[in-house]
Amino acid sequence: MNRLFAEEREHLLFEGKTSFGMSVFNLGNAIMGSGILGLAYAMANTGILLFLFLLTAVAGLSCYSIHLLLKSSGVVGIRSYEQLGFRAFGITGKMAAGIAITLQNIGAMSSYLYIVKSEFPLVLQAFLKADTNSGEWYLNGNYLVVLVSLSLILPLALMKQLGYLGYASGFSLSCMVFFLSAVSIYHHHHSLSVPQTAYTIPILAFAFVCHPEVLPIYTELRNPTQRKMQHISNISILIMYTMYFLAALFGYLTFYTNVEAELLHTYSRIDPYDTLILCVRLAVLTAVTLTVPIVLFPVRRAIQEMIFPNKTFNWIRHVAIAVVLLTFINMLVIFAPNILGIFGIIGATSAPCLIFIFPAVFYIRIVPKDKEPMRSTPKIFAACFAGLGVLFMIMSLSFIIIDWTTGSSSALGGH
Ligand SMILES: NC(=O)C[C@H](N)C(=O)O
């Protein structure tokens, strides 16, 4: 209890400096990631209308669960997902939140670096007009991942606060806007291979996860209020909802049922040397690379809360955790199978926990019974929400397992 007190004091003394706009950029950047590349594939599985319905549902539910998080954090006066878990269920709650955040964000970061690994060599090769398989080291994806991690990601990940990444996030988002406009210019009709439905909902859930970043961004917000933060979240989700829909629609209209799990691969089959396509791929590369540091912050925080709970800020620990994490993710990516496996498993397990189950059960436990009895509408709503999350998790997991066991998919195979 002593230490909670210390932490509350630290929060009270801490004065956020990040503006409203920069926070929208940062949260937008946290939402927008490799998920966007899976959406056209998801639409090819469901058709346009069902996709629009599911996308709207997941976006709306994400806003609601951010509301639950913000309200719970208002009640206890602590802006940390893990500490909400602690208040609700003690050490178990804290560990559950910390582990889900770690898995989700490591999954997300690996998928980003996986894109760097598979796209960067092709882009470089085309720009340098090198021969295929000329065997140069700088055309080897594994070396390039390490190079990008060391030169770009690590320095950004060492910043003391998330708020400093606002400009990088703004730039990253403009790269995605460019990607979007290019995808929409490029829609004539091509044809390639056939997909499965099992991954639709996990891909959508994965695409909207930003919940581990919400409370850290709230902490750094200037003049923070619950309403202001909810507003920031709603705006970011609305913008990403629009961009996601357009990216999925144009990607789908271009290839119909022949989209691959990762949209960029589908494009590279048309003409890998087309300049517009090259720039698009470079834009996506830049965007996902600049997202890695944002997504790394909550993992470092979770690890700190789980392993070194009583310690205050320390530069050596701050740097060391980032280095260890990046090294681990680099290894993972160098030996990774493919991106659909990552979307699927993480989207089916950690994502529903972070979006649905945890915010709801933490809320139910944290908001005092004399304020809102168990039978009050908000708590019944929250309980249904948790139920939906469980249902969702079971459904997605069983789909994926069926998909693997029937051997109909290449989910774990390489490209
Ligand atoms: N931040 C995350 O966990 C994933 C992100 N929503 C994405 O689409 O890649």
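Residues numbered from 1 in each chain as written. Predicted model: local features only at pLDDT ≥ 70, side-chain atom pairs only at ≥ 80, totals over all residues. Heavy atoms only, no water.

Brief notes about the packing of aromatic side chains
Within the structure shown, the criterion is met by nine aromatic pairs. Both rings, one in Phe208 and one in Tyr244, keep their centres 5.2 Å apart while their planes meet at 70 degrees; by these two values the pair is edge-to-face. Highlighted residues: Phe208 in helix H8 (residues 200-208) and Tyr244 in helix H10 (residues 226-255), separated in sequence by 36 residues. Summarising the burial analysis for this pair, Phe208 and Tyr244 share the class buried. (Phe/Tyr/Trp six-rings, centres within 6.5 Å; stacked < 30°, edge-to-face > 60°. Helix = DSSP H or I, 4+ residues; strand = E, 2+ residues; numbered from the N terminus. Buried < 20%, exposed > 50% of the residue type's maximum accessible area, 1.4 Å probe, protein only.)

Examining the confidence of the model for the chain
For the chain, the mean per-residue pLDDT works out to 83, and 84% of the residues sit at or above 70. Taken as a whole, residues 188-194 scores under 50 in pLDDT and shows 17 contacts with residues more than four places along the chain or in a different chain. Across residues 409-415, where pLDDT falls below 50, the model places 18 contacts with residues more than four positions away in sequence or in other chains. This prediction of the complex comes with two scores: 0.86 for pTM and 0.95 for ipTM. (pLDDT = per-residue confidence, 0-100. Contact = heavy atoms within 4.5 Å.)

Things to note about helix H5 (residues 81-128)
If you check H5, its first and last C-alpha atoms are just 46 Å apart, much less than what 48 residues at 1.5 Å a residue would give, namely 70 Å. Within H5, the axis deviates most sharply at Phe89, by approximately 150 degrees. For H5, the buried fraction is high: 35 of the 48 residues fall into the buried class. After H5 finishes, the residue Lys129 shows a positive phi value of roughly 50 degrees. (Expected span 1.5 Å × (residues − 1). Bend = angle between axes of the 7 residues up to and from the residue.)

Brief notes about the pattern of salt bridges
Inspection of every chain in the model, using the stated rule, returns two salt bridges. With its nearest N and O atoms 2.7 Å apart, the salt bridge here joins Lys71 to Glu372. Of this pair, Lys71 sits in helix H4 (residues 48-76) while Glu372 sits in the loop between helix H15 (350-366) and helix H16 (377-405); the two residues are 301 residues apart in sequence, bridging distant segments of the chain. Residue class for Glu372 comes out buried when judged on its relative accessible area of 10%. We note a salt bridge from Arg281 to Glu119, for which the minimum N-O separation is 2.7 Å. One end of the pair, Arg281, is in helix H12 (residues 275-307); the other, Glu119, is in helix H5, with 162 residues separating them in the sequence. Across the pair, exposure class does not vary: Arg281 and Glu119 are buried alike. (Salt bridge = Lys/Arg side-chain N within 4 Å of Asp/Glu carboxyl O.)

Things to note about the environment of Asn223
Relative to the elements of secondary structure, Asn223 occurs in the loop between helix H9 (211-220) and H10. As a C-alpha pair, Asn223 and Ser19 span 204 residues in sequence and 8.8 Å in three-dimensional space.

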